[in-house]
Amino acid sequence: MSTYPHFGTDAIHAGQDPDQWSSKAVVPPIVMSATYKQRIPGQPDLYEYSRSDNPTRGVFERCIAALEGAKHGIAAGSGLGATTLLCQLLKSGDHVIAMDDCYGGTYRFFTAIMSKYGVEFDFIDLTDISLMEKTIKPNTKMIWAESLTNPTLKYTDIEAVVKLSKQNKDCIVVVDNTFMTPYFLRPLELGATIVYHSVTKYLNGHSDVVMGAICTNDDELGSKLKYFANACGIVPSPFDCFLANRGMKTLHVRMREHQKNATAVAQFLETSPFVEKVIYPGLPSHPQHELMKKQAKGFSGMVTFYIKGNLQKFFDAVKVFTLAESLGGFESLVEHPWSMTHASIPKEKREAIGVLDTLIRVSVGLEETEDLVADLEQALKASQ
Ligand SMILES: *Cc1c(COP(=O)(O)O)cnc(C)c1O
């Protein structure tokens, strides 16, 4: 749970108390030990084995839980590792509703792995609540929403989804909050059962860790998920936990800058003659702009646009932006979902959700605003 009244103070102090270490270290140590000394056999003092629990991991878990306003935080070896853990809550015959343009890896895990175990999936546009009303069935056990979808940046009305999910007694609502981060959106406060993160992105923020996390206020789910993490062995290394915990110390500062730069980039792109269309939730032209103003505190740092120009010439010309997958790091990235992150989704489906060959996704980093805008301006010119 939150320890301090304001987000940034929790990011820096929650779970970090130096008194938890005999050394009184202000910065949490990286405890690499795989095992721990026991006095009485079978009755470990605090820790017994680092797959089950690890002091450095615990620091990270308490911090992310505080930031999401949750009682329980569970770290996983990657975002998809966290997906794997959450899917252990399902059994054969269960039905899941997921967003139609959900993260490509999530789509692949559901369709290629979970469907082998007899779990049924429907991928629908969750921004249309009447569609969800038609799709929910008595055996629907999980709704998988993304706070902002990837790459078309659709926002799901979390309160409406939660309300509708209540018609099934034991249907849980998972919100993948990777794109928004708890700095801008806290899904548990809107009634979601579980918040999910690819820590790899904004939470770590430095593009040097692959890691995931799950947060919940439900005690039973919290202990089940902790059990699954240990039983399935999908745990991150202490060093990764140290880095992600360190990254989160500046989450609030970084997110403010990401948003400032993304706003400037989106506003510039809207005026460019070489751009067909810009999608950024902070622009009044975004269809869920007003709804997001009610449920969120901001719009984060991802911008998507459709280019009118030659793609390869554009990618060859960018200097400050790097062509690479992933997002949420301090450095600005451009990406081509059609051939990169979303290539595993069938072509017709990609087209149906607006992932066209002309779509470019931008993760706006923390470089100086003017340099970012100027770089896009010259690259768009070069694309002609
Ligand atoms: C990257 C990402 C994931 C998967 O996380 P990994 O850490 O790469 O396993 C899931 N959801 C979203 C929205 C992502 O961007």
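Fair warning: this is a prediction, and the values are worked out from it, not measured in the lab.

Rules and cut-offs
- Residues numbered from 1 in each chain as written.
- Predicted model: local features only at pLDDT ≥ 70, side-chain atom pairs only at ≥ 80, totals over all residues.
- Heavy atoms only, no water.
- Near = heavy atom within 4 Å.
- Polar contact = N/O pair within 3.5 Å; in protein donor to acceptor, adjacent residues only side chain to side chain.
- Helix = DSSP H or I, 4+ residues; strand = E, 2+ residues; numbered from the N terminus.
- Nonpolar A, V, L, I, M, F, W, Y, C, P; charged D, E, K, R; others polar.
- Patch = residues over 30% accessible without salt bridge, like charges linked within 9 Å, V, L, I, M, F, W, Y side chains within 5 Å.
- Areas by Shrake-Rupley, 256 points an atom, 1.4 Å probe, with all protein chains shown as cover.
- Salt bridge = Lys/Arg side-chain N within 4 Å of Asp/Glu carboxyl O.
- Buried < 20%, exposed > 50% of the residue type's maximum accessible area, 1.4 Å probe, protein only.
- UniProt positions renumbered as here; feature names shortened; annotations may be inferred.
- Contact = heavy atoms within 4.5 Å.
- Phe/Tyr/Trp six-rings, centres within 6.5 Å; stacked < 30°, edge-to-face > 60°.
- Lys NZ or Arg CZ within 6 Å of the ring centre and 35° of its normal.
- Pairing = 2+ DSSP bridges.
- Axes fitted to C-alpha atoms, helices over the stretch in contact; angles between N-to-C directions.

Time to look at the site of the ligand. Taken together, 13 residues are adjacent to the ligand, and Leu80, Asp176, Ser198, Thr200 and Lys201 come closest. Within the backbone of Leu80, an N or O atom sits 2.8 Å from an oxygen atom of the ligand. In this structure, a nitrogen atom belonging to the ligand sits 2.7 Å away from a side-chain N or O atom of Asp176. Elements with a minimum of two residues in the shell around the ligand: helix H3 (79-87) and strand E6 (194-198). Split by residue class, the shell around the ligand holds 6 nonpolar, 5 polar and 2 charged.

A word on a nonpolar patch on the surface. Together, Ile30, Met32 and Phe239 line one region of the surface with nonpolar side chains, adding up to about 290 Å² of accessible area. Within the secondary structure, Ile30 sits in the loop between helix H1 (7-13) and helix H2 (55-67). Judged by its relative accessible area of 32%, Ile30 is partly exposed.

Under the UniProt annotation, the feature "modified residue: N6-(pyridoxal phosphate)lysine" (unreviewed entry) is placed at Lys201. For Lys201, the location among the structural elements is in the loop between E6 and strand E7 (212-216). Excluding its chain neighbours within four sequence positions, the residues that come into contact with Lys201 are Tyr103, Thr178, Ser326, Leu327 and Gly328.

Residues Asn150 and Pro151 are joined by a peptide bond in cis, for which omega reads 10 degrees. With respect to the helices, strands and loops of the structure, Pro151 is situated in the loop between strand E4 (140-146) and helix H6 (158-165). Phi angles above zero are rare outside glycine, and Leu153 is one such case at about 55 degrees. Residue placement: Leu153 occurs in the loop between E4 and H6.

A few words on the side chain of Gln288. Relative to the helices and strands, Gln288 resides in the loop between strand E8 (275-279) and helix H11 (289-295). A polar contact is formed between the side chain of Gln288 and the backbone nitrogen of Tyr155, at a distance of 2.9 Å. Ignoring sequence-local partners within four residues, the contact set of Gln288 consists of Thr127, Lys154 and Tyr155.

Applying the stated criterion across every chain yields a total of 12 aromatic pairs. Relative to Trp144, the ring of Phe110 has its centre 5.3 Å away and its plane inclined at 85 degrees; by these criteria the two rings are edge-to-face. Within this pair, whereas Phe110 is found in helix H4 (residues 104-113), its partner Trp144 is found in strand E4, the two being separated by 34 residues in sequence. Relative accessible area serves as the criterion here: at 0%, Phe110 is assigned to the buried category. Here Trp144 falls in the buried class, since its relative accessible area comes to 0%. Arranged with centres 5.0 Å apart and planes meeting at 70 degrees, the rings of Tyr183 and Phe184 form a pair that is edge-to-face. Three or more aromatic residues joined by ring pairs form one cluster here, namely Tyr107, Phe110, Phe121, Phe123, Trp144 and Tyr196. The cationic tip of Arg350 hangs over the ring face of Trp338; the distance from NZ or CZ to the ring centre is 4.4 Å.

To continue, consider the sheet that holds strand E3 (residues 120-124). Pairing is mixed across the open sheet formed by 7 strands, whose spatial order is E1-E7-E6-E5-E4-E2-E3. Each edge of the open sheet carries a strand with a single partner, namely strand E1 (72-76) and E3. Between one strand axis and the next, the sheet turns through 20 degrees on average, direction left out of account. Relative to E7, E6 runs antiparallel, the two sharing 5 bridges. Within E7, the position partnered with Tyr196 by the bridge is Ile214. Contacting E1, E6 and E7, H2 runs over the sheet at an angle of about 125 degrees to E1. Packing of helix H8 (residues 219-232) onto the sheet brings it into contact with E1, strand E5 (172-176), E6 and E7, and relative to E1 it is tilted by some 20 degrees.

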